[in-house]
Amino acid sequence: VENMSSFVCDNCGKEHYLFGKDGVKASAKKLDVPYLGHVPLTLDLRISSDEGIPFMSQEKYNKTSTWNNYLEIASGVVKSIK
């Protein structure tokens, strides 16, 4: 899982990659382990974290790309342990 893989600018809405793009994906391939996904840092995620409320427990975020990223990661975890 690539955590804080990027951030989404509050002003322009564009995703910015501070540490490069797909580095964890390339490392996972090299190590022959599954790449489960990425979680960009977003304002909603930051606020949720600052408040100490798990992001995925808040229904108001269920249409966001971050929500979908977490679901993708969870699905990958389930597939890898079956």
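Residues numbered from 1 in each chain as written. Predicted model: local features only at pLDDT ≥ 70, side-chain atom pairs only at ≥ 80, totals over all residues. Heavy atoms only, no water.

**Q** Looking at this model, I keep getting lost on the packing of aromatic side chains. Mind explaining?
**A** Any pair of aromatic rings gets described here by the distance separating the centres and the angle formed by the planes. Tallied over the entire structure, the rule returns 2 aromatic pairs. With 4.6 Å between their ring centres and 5 degrees between their planes, Phe-55 and Tyr-61 make a pair best called stacked. Relative to Tyr-70, the ring of Phe-55 lies with its centre 6.0 Å away and its plane at 40 degrees, an arrangement referred to as tilted. Of this pair, Phe-55 sits in the loop between α2 (43–51) and α3 (65–81) while Tyr-70 sits in helix α3, and the two are 15 residues apart along the sequence. You can call Tyr-70 partly exposed: its relative accessible area is 27%. (Phe/Tyr/Trp six-rings, centres within 6.5 Å; stacked < 30°, edge-to-face > 60°. Helix = DSSP H or I, 4+ residues; strand = E, 2+ residues; numbered from the N terminus. Buried < 20%, exposed > 50% of the residue type's maximum accessible area, 1.4 Å probe, protein only.)

**Q** I keep staring at the side chain of Asn-69 and nothing clicks. Help me out?
**A** Note that Asn-69 resides in helix α3. Beyond its immediate stretch of four places on either side in the chain, Asn-69 contacts His-38, Val-39 and Pro-40. (Contact = heavy atoms within 4.5 Å.)

**Q** I would appreciate a short explanation of the pairing of strand β1 (residues 2–8) in the present structure.
**A** The side chains of a regular strand alternate, residue by residue, between the two faces of the sheet. Note: β1 against strand β3 (residues 38–41), 3 bridges, orientation parallel. Its bridge partner lying in β3, Glu-2 is registered against His-38. Both β1 and strand β2 (residues 15–16) contribute to a ladder of 2 bridges, which runs antiparallel. Across the sheet, Val-8 pairs through a bridge with Glu-15, a residue of β2. Linking β1 back to β2 in an antiparallel pair, the connection comprises 6 residues, with Gly-13 at a positive phi of about 80 degrees. (Pairing = 2+ DSSP bridges.)

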